[in-house]
Amino acid sequence: MERGRNTEQVQASPPARAEPAAASRSLHQGDFAPYVLARGTDHLAGTGRAGSDKDSSRALETVMPNATPSLNPNFAWLLWQRAQANPHGVVLRQREAVTSYAALKDRAAAVACALLGRGLVPGDRVAIFVDQAADAAAAFFGVLAAGGIAVIANENLRPRQIEHILTHCQAGTLIASAALLARQPRAVEAPGGTILPVDALPSSGDAEPLDRMGTDPAQIIYTSGSTGPPKGVTL
């Protein structure tokens, strides 16, 4: 699903696609999510070309030689497989808070269940606006597991910029933390969509990653918006 590095400009009327284009942007907290599975995930994302289903299976064997092979190229399967192989292993540390692979997988499954229960269909855009590492990772993998496209909004953005992103990528749902929303100078409006408070979700769910194609987009990344409206590229 998400292994290639081909990027393309996001259009205002998906699913129309523009020609591939490079993105220039600064890193922010949300960018860590594809890498939290530790060593080996660069085999999936660093090939410089769109990944095929066979590429995905070979990469999974490289990352986790003892894992059960899966023909599902959904990137979220990496987390599900790692949680099975090493459930108590530490995947995230944030100050004193420690998150295991199993706990992260359970939270991601809860996010996926909530999205599917709200009618998410594969290819739908879901924006993520959170400021805690474990929340961001759970939301990211939960969106992918449900078949959606993750759209991470920098936690330093303001309502006008967030609303621009929601409208531009046509995101139907905004996953957000209550504390981050409360710090905004005004309420964030989700045009035509709903706000899903990540804090209110259960700690576990029973969702499994949906089957996806190796060329399906996984994520839309937007620039910081410091010199104009945030611009997005699809990965």
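Please refer to the structure placed before this passage.
Residues numbered from 1 in each chain as written. Predicted model: local features only at pLDDT ≥ 70, side-chain atom pairs only at ≥ 80, totals over all residues. Heavy atoms only, no water.

1. Comments concerning the pairing of strand E6 (residues 173–176)
Phase 1 of the analysis: Covered by surrounding structure in E6 are Thr-173 and Ile-175 together with Leu-174 and Ala-176, the residues of both alternating faces.
Phase 2 of the analysis: In terms of strand pairing, strand E4 (residues 125–129) meets E6 through four bridges, oriented parallel. Residue pairing across strands places Ala-127 opposite Leu-174, the latter belonging to E6.
Phase 3 of the analysis: Relative to strand E7 (residues 194–197), E6 runs parallel, the two sharing four bridges. For Thr-173, the partnering residue across the bridge sits in E7 and is Thr-194. (Buried < 20%, exposed > 50% of the residue type's maximum accessible area, 1.4 Å probe, protein only. Helix = DSSP H or I, 4+ residues; strand = E, 2+ residues; numbered from the N terminus. Pairing = 2+ DSSP bridges.)

2. Notes on the pattern of salt bridges
Phase 1 of the analysis: What the rule picks out here adds up to five salt bridges.
Phase 2 of the analysis: Ionic pairing is found between Asp-131 and Arg-183, a salt bridge with its closest N-O pair at 2.7 Å. Pair noted here: Asp-131 is in the loop between E4 and helix H5 (133–145) and Arg-183 is in the loop between helix H7 (178–182) and E7, with a separation of 52 residues, a long-range link.
Phase 3 of the analysis: Residue Arg-183 is classed as exposed on the basis of its relative accessible area, which comes to 53%.
Phase 4 of the analysis: Between Arg-186 and Glu-163 there is a salt bridge; the shortest N-O distance is 2.9 Å. (Salt bridge = Lys/Arg side-chain N within 4 Å of Asp/Glu carboxyl O.)

3. So, unusual backbone geometry
Phase 1 of the analysis: Even without being a glycine, Arg-95 presents a positive backbone phi close to 55°.
Phase 2 of the analysis: Counting through the fold element by element, Arg-95 comes out in the loop between strand E2 (90–94) and strand E3 (97–100).
Phase 3 of the analysis: Despite not being glycine, Gln-170 shows a phi value in the positive range, around 60°.
Phase 4 of the analysis: Relative to the helices and strands, Gln-170 is located in the loop between helix H6 (159–169) and E6.
Phase 5 of the analysis: Assessed through its relative accessible area of 41%, Gln-170 is described here as partly exposed.

By themselves these figures say nothing about function.
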